[in-house]
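Single-letter residue listing:
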Amino acid sequence: MDPMELEEIRELAGRMSIRAIARKLGRDVKTIRAALGRAPRKPPPSKLEPFKDLVRDLAVKGLLGPRILREIRERGYTGGRTILAEFLASIRPAKKSNAPVRRFETRKGREMQIDWSPYRLQIGGVERVAHCFSMILCCSRRLFIRFYRDERLPTLLHAHVEGFRYHQGLTARAVYDNMTQVTLGRLRGRPIWHEHFLAFAKHYGFTPYAHKVGHKERKGKVERPFWYIETDFLRARTFASWDDLNAQAMHWLETVANVRKHDTTKRFVHEAYAEEQPLLVALPPVAFGTDRCEVRKVAVDGTVCIDGSFYPVPARLVGQHVRARVYPTRVEVLDAAGTVVAGHEVPDTPMRLPTPGEMPHPSQPSVSRSTLEAAFLAHFPGAADFLDGLKGKMNALTPIHLRQIEKLTALYGEAGVRAAIDRAAIYRNHSANALTRILEQAHPEIVPEAPIEPITGDPAALGALDDIDPGSPEDYDFDSREATDGPKA
């Protein structure tokens, strides 16, 4: 740049902006700024910048863009989704291109697609297999999901009825894969339908359709939502119970899945459903019976065994045969007159349910794992590292150790246990056994009382305790013992 142009730039700088000078002289803004000796202007910080570490953590957990956007907006993010998508693309590996598939759309009220997908979820602090039932209206893409313990035919029919009620109707056709609950196989390429399922379909007025084996793309509208359910709803969530799982699923349907703008149809799901719902098949006035009927003989202890669990019934029915209606989440027992005499919730694992009024066994308190951990931290707020170490070392046995620490607290007091926790943490020995040893050494004067166990057994043996010899110890010596035929000393 010659001196005359440099002088002109300096003269114009007193009354014009750098951008205006660049336009006037046909120069780049950076050149004008360098000529004036000014540092380049730094771009304003991105609105996403304070949230990038959080976005990385959520992306590592497998969460996708829409879910991450909701999470960071709840924490104050005010930017758009484009800058978030660009950042996610920069930190994720490139996707492989897939072969194209042909898409097709169906008319309103014409078709729904149904399928199952199992997931391993944390329910009540325990990892369990939850079977997700999914029913989607193909035109509007309105989705219904519900989680069950199994995929049996009665459970499948129960899930259908719940889905029909949620959608306030059903379509003329339902598409399935070749699940054994629906079809028994194929004869000359045609499906052999399960007789009970056909009666169910006839009752509600829809035609079942099973696609060709290996042709999963035929029901892609219900296959795709499972990926959406896993990434947007299930990941990074825990559930207190089965009821909590299904309650959160329903909230997610109402606030996220069924009010979003669908990427394929480019329409809001709830608006498309409002147009499709009047064309759905109306529900019959009487629902189809989806329960499973079983006949059982009441055992001598007043229980009936169903699916490995023992359910109590009135004692007057001992020795009689009763009918049981088994639902996915509940069991009802009926007497010979058809009256419901007992009703119980199905437990998560097979067990013997206590009779009404019976106190639960002290070794099985009805306290969840999360409640035990919260109670421990309430007593010892500074022991979070100890709890983390205990869970990392023996996760499955954590509740047992926490119950033992509760007993130690009652015996030695909170101050004593707190000091023992601090000492155990020094040696990184995070267990109730370590606390017991430390407390026994520090407080030798405290002796735990042995638990009093009830005496049980043969009544004759118990009665023998009342036979007291009236003699005194002085009446017995070696010479007074009766002679035996054994070998002499």
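Above this text is the structure in question.
The model shown is predicted, which means the values in this text are computed figures rather than measured ones. (Residues numbered from 1 in each chain as written. Predicted model: local features only at pLDDT ≥ 70, side-chain atom pairs only at ≥ 80, totals over all residues. Heavy atoms only, no water.)

1. Considerations on the overall build of the protein
When helices and strands are counted, the protein shows 17 helices and 13 strands. Sequence-distant contacts in the protein: of pairs separated by 6 or more residues, those separated by 24 or more amount to 60%. Only carbon and sulfur atoms are counted for the fraction: they give 54% of the accessible area of the protein, which is about 30500 Å². (Helix = DSSP H or I, 4+ residues; strand = E, 2+ residues; numbered from the N terminus. Contact = heavy atoms within 4.5 Å. Areas by Shrake-Rupley, 256 points an atom, 1.4 Å probe, with all protein chains shown as cover.)

2. Here we look at the packing of helix α14 (residues 398-412) against helix α16 (residues 432-442)
As a packed pair, α14 and α16 sit with axes 9 Å apart at the nearest point and diverge in direction by 20°. What the angle tells us is that α14 and α16 run roughly parallel. Along this stretch, α14 crosses α16, giving a crossing that reads as left-handed. Counted together, H401, Q404, I405, L408 and Y412 of α14 and A432, N433, L435, T436, L439 and E440 of α16 form the full contact between these two elements. Among the residues making up the contact of α14 with α16, the classes are represented as six nonpolar, four polar and one charged. (Axes fitted to C-alpha atoms, helices over the stretch in contact; angles between N-to-C directions. Parallel < 35°, antiparallel > 145°, perpendicular 65-115°, else oblique. Left-handed = near helix turned anticlockwise from the far one by under 90°. Nonpolar A, V, L, I, M, F, W, Y, C, P; charged D, E, K, R; others polar.)

3. A few points about the side chain of T171
Checked against the element boundaries, T171 lands in the loop between α7 (153-167) and β4 (173-176). Taking relative accessible area as the criterion, T171 reaches 0% and is therefore assigned buried. A distance of 3.0 Å separates a polar atom in the side chain of T171 from the backbone nitrogen of M112. Engagement of the side chain of T171 in a polar contact is seen with the backbone oxygen of R173, the distance being 2.8 Å. Beyond its immediate sequence surroundings of up to four residues, T171 is in contact with G109, R110, E111, M112, L137, F206, E276, L280 and V281. (Buried < 20%, exposed > 50% of the residue type's maximum accessible area, 1.4 Å probe, protein only. Polar contact = N/O pair within 3.5 Å; in protein donor to acceptor, adjacent residues only side chain to side chain.)

4. Examining helix α11 (residues 269-276)
All of the buried residues along α11 are V269, A272, Y273 and E276. Buried residues along α11 cover an arc of 100° about the axis, so they all sit on one side. Of the surrounding elements, those touching the buried residues of α11 are β2 (126-137), α7 and α10 (242-257). (Arc of directions from axis to C-beta.)

5. Points about the pattern of salt bridges
The tally for this structure, following the rule as stated, stands at 21 salt bridges. The salt bridge partner of R152 is D307, with a shortest N-O separation of 3.5 Å. Taken together, the residues R152 in the loop between β3 (143-148) and α7 and D307 in the loop between β9 (303-306) and β10 (309-312) connect sequence positions 155 residues apart. Look at R152 and you get partly exposed, because its relative accessible area is 41%. Exposure remark for D307: the relative accessible area of 43% places this residue in the partly exposed category. (Salt bridge = Lys/Arg side-chain N within 4 Å of Asp/Glu carboxyl O.)

These results come straight from atomic positions and should not be treated as a statement about function.
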